Amino acid sequence: MKIAVIGAGYVGLTTSCVLADKGSTVTCIDNDQSKLEKLAKGQVPFFEPGLQEVLDRTLANNKLTFTDQTVSAVKEADVVFIAVGTPPKATGEPDLTYLKTAIDDLASGITSYKTIVTKSTVPLGTNEWIHETLLENADPALFDVVSNPEFLKEGTALYDTVNPDRVVIGAKSARGASVVKELFAFTNAPVYETTLTGAEMIKYASNVFLAVKISFINEIASICDAFHVNVKEVAEGIGADPRIGPAFLRSGLGYGGSCLPKDLSALLYSAAGKQVDAHLLPSAAKVNDQQVNRYTAKLEEDLGILKQKRIAVWGLSFKPDTDDTRHSPAILLILSLIEKGAEVLAFDPLVKEVEGIVSQHDLYESVKEADALILATEWAVFNSVDWNRVRSLMKGNIVLDARNVLNHRTVTEAGLTYRAIGSGRV
Ligand code: UDX
């Protein structure tokens, strides 16, 4: 099949690479010239494990090309994926500027039958709107609109695209649905068919459920802390119940990234637009917003006021194995520490600089003369730290494990004081 993918971000580029690797001829479209130049030279514009090899292979096989010419690429294609960003506005409402431009551009390329597939996470009702808008400009016999939300996670984007848990297809016609089913048949994943808006809702409800689960365990962690109960043991104990499940019960600084915070706000915005009073979802967001304060307060229990204290912070990305810093709790934590007058020395294995925060060259550099160290993002490298060396470099001895991942004994044996929320210790 000939495929056009509009948008070369995490979703668009990964989808392009995987479909090209599975035998389709793919044109990936973006309006960012510098990104297109990099991609044409075979450079992945962001860090995503494994993607480089697939990009190299598909470029070498002439299965994947890049362009900024939407109309001509759409004219050539049997299937057009929309994978543009829908970033949040200050109100929480998703900004659909890129999506609207994509629809305007692709409308004039519908000169033969195409299946238009929306991968972007879009507000409830958007795919119906896309259908209506295209009807104004194109022959209804020449297109079908399909909502096919993407569930990939950054850091495992390639694996998730090749091995999805499920393929969700929202469609108005059997023809459109069958095209998408055929395209993803290689995954052997179960297919869930629903309406256009139903598929949009499955995407939002998935991400928002994950956000609620994280805020739930974070609230439990705070209560555990007050009673000296180990929250990791609690998470294991409750996660053994298949109705609850063990995933997404890691307590800590809270969720960040480009999806969970944005999708929760967007769903609330949609609900408010229909006068639906939501209670649980705003609470989940509130718990998440409180996490940074909870951790700075925890630090203040040991250090008193943080003014002029030197704090090392490990991790800048919103989670390990990515250089993405969007809505990173680690950065919110650092900004809060700076606001309180602390001096922060950060270290991240991948992120070099963000919002004026510069990563030290190595993790030991960051702890020199520090009064305290906070682990803010759980990169694997922090599991094999020489804690004796850390102890000898630090001025103080507090290690605040804001992701509940360090081994208490190893840290303590080096003469450091281990702190966490819900560590189970006094
Ligand atoms: C998420 C969804 O998982 C994915 O299905 C969707 O397509 C896009 O949004 P992503 O944003 O890449 O993926 O990251 P994810 O792995 O879900 O983590 C989100 C945030 O939650 C991170 O900040 C992470 O540190 C945090 N998290 C995750 C926790 O705090 N505790 C957990 O137990 C799990």
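Since the structure is predicted, the reported quantities are computational estimates derived from the model, not experimental observations.

Conventions used here
Residues numbered from 1 in each chain as written. Predicted model: local features only at pLDDT ≥ 70, side-chain atom pairs only at ≥ 80, totals over all residues. Helix = DSSP H or I, 4+ residues; strand = E, 2+ residues; numbered from the N terminus. Expected span 1.5 Å × (residues − 1). Buried ≥ 20, exposed ≤ 12 C-beta atoms within 10 Å, placed from the backbone. Contact = placed C-beta atoms within 7 Å. Core = buried A, V, L, I, M, F, W, Y, C linked by C-beta atoms within 7 Å. Near = placed C-beta within 6 Å. Domains from an automatic or database assignment. Pairing = 2+ DSSP bridges. Axes fitted to C-alpha atoms, helices over the stretch in contact; angles between N-to-C directions. Arc of directions from axis to C-beta. UniProt positions renumbered as here; feature names shortened; annotations may be inferred.

### Overview of helix H12 (residues 280–303)
- With 24 residues, H12 should cover 34 Å at 1.5 Å per step; its first-to-last C-alpha distance of 35 Å lies within 8% of that length.
- What H12 keeps buried is the set Ala-284, Ala-285, Val-287, Asn-288, Gln-291, Val-292, Tyr-295, Thr-296 and Leu-299.
- Elements that come into contact with the buried residues of H12 comprise helix H9 (196–226), helix H11 (260–273), helix H13 (329–339), strand S13 (372–375) and strand S14 (398–401).
- At the exit of H12 stands Gly-304, carrying a positive phi of roughly 70 degrees.

### Points about unusual backbone geometry
- In this structure, Asn-62 takes a positive phi of about 55 degrees despite not being glycine.
- Structurally, Asn-62 can be placed in the loop between helix H3 (51–60) and strand S3 (64–67).
- A count of 9 C-beta atoms within 10 Å places Asn-62 in the exposed class.
- Backbone geometry at Gln-308 places phi at a positive 65 degrees, although glycine is not the residue there.
- Residue placement: Gln-308 occurs in the loop between H12 and strand S9 (310–314).

### So, the nonpolar core
- Within the largest apolar cluster, 63 residues are counted, with the highest numbers of intra-cluster contacts made by Val-313, Leu-333, Leu-373 and Ile-374.
- Ranked by residues supplied to this core, first place goes to H9 with 7 residues.
- When near neighbours in sequence (up to four residues on either side) are disregarded, Leu-333 contacts Leu-253, Val-292, Tyr-295, Val-313, Ile-374 and Ala-376.
- In terms of nonpolar packing, the next biggest core, distinct from the first, is built from 54 residues, Val-168, Val-179, Val-180 and Ala-199 among them.

### Digging into the site of the ligand
- Around the ligand, a shell composed of 20 residues is seen, among which Glu-154, Arg-250, Tyr-255, Gly-257 and Cys-259 lie nearest.
- A domain split of the shell around the ligand shows at least three residues from each of domain 1 (2–194) and domain 2 (196–425).

### Considering the domain arrangement of the protein
- Domain assignment breaks the protein into domain 1 (2–194) and domain 2 (196–425).
- On a C-alpha basis, the centroid separation for the pair domain 1 and domain 2 is 32 Å.
- In this complex, domain 1 contributes 29 residues to the contact, which on the side of domain 2 involves 24 residues.
- Put simply, the parts of the chain that give the side of domain 1 that touches domain 2 at least two residues each are helix H6 (126–137), strand S6 (143–147) and strand S7 (167–171).

### Brief notes about the sheet that holds strand S2 (residues 25–29)
- Taken in spatial order, the 8 strands line up as S3-S2-S1-S4-S5-S6-S7-S8 in an open sheet, and their pairing is mixed. Of all strands in the sheet, those bounded by a partner on one side alone are S3 and strand S8 (191–194). Adjacent strand axes in the sheet meet at a mean angle of 25 degrees, parallel and antiparallel pairs treated alike.
- Two strands pair when backbone bridges link them, and S6 and S7 are joined in this way by 2 bridges, in the antiparallel orientation. The partner of Ser-147 across the bridge, within S7, is Gly-170.
- Relative to S6, H6 is tilted by about 170 degrees, and along the sheet it contacts strand S5 (114–118), S6 and S7.
- Running over the sheet, H9 touches S6, S7 and S8 and is turned about 145 degrees from S7.

### Digging into the pairing of strand S10 (residues 343–347)
- Within S10, 4 of the 5 residues are buried, which leaves it mostly tucked inside the rest of the structure.
- Taken together, the 5 bridges between S9 and S10 define a ladder with parallel strand orientation. Each residue of the ladder has a partner; that of Arg-310, found in S10, is Glu-343.

### Focus on helix H8 (residues 174–183)
- Three or more residues of H8 are buried, namely Gly-176, Ala-177, Val-179, Val-180 and Leu-183. Looking straight down H8, one finds that the buried residues subtend no more than 160 degrees of arc, so they occupy a single side. Those residues of H8 that are exposed and aimed more than 90 degrees away from the buried face are Ala-174, Arg-175 and Glu-182.
- Looking at the buried positions of H8, the neighbouring elements they touch are helix H1 (10–21), strand S4 (79–82), S5, S6, S7 and S8.

### Describing the UniProt feature "binding site: substrate" (unreviewed entry) in the protein
- With numbering matched to this structure, UniProt assigns "binding site: substrate" (unreviewed entry) to Phe-151, Leu-152, Lys-153, Glu-154, Lys-203, Phe-248, Leu-249, Arg-250, Ser-251, Gly-252, Gly-256 and Lys-319. A maximum C-alpha distance of 24.4 Å is found for the annotated residues, which run over 169 residues; spatially they are spread out rather than grouped.
- Mapped onto the secondary structure, Leu-152 falls in the loop between S6 and helix H7 (157–162).
- Residue class for Leu-152 comes out buried when judged on the 21 C-beta atoms lying within 10 Å of it.
- Apart from residues no more than four positions distant in its own chain, Leu-152 is found in contact with Val-11, Thr-14, Ala-157, Asp-160 and Thr-161.
- Of note, Ser-251 is situated in the loop between helix H10 (231–239) and H11.
- On the basis of neighbour counts, which here come to 27 C-beta atoms within 10 Å, the residue Ser-251 falls in the buried class.
- Leave out the neighbours within four places in its chain, and Ser-251 touches Ile-217, Asn-218, Ala-221, Val-231, Asn-404, Ile-421 and Gly-422.

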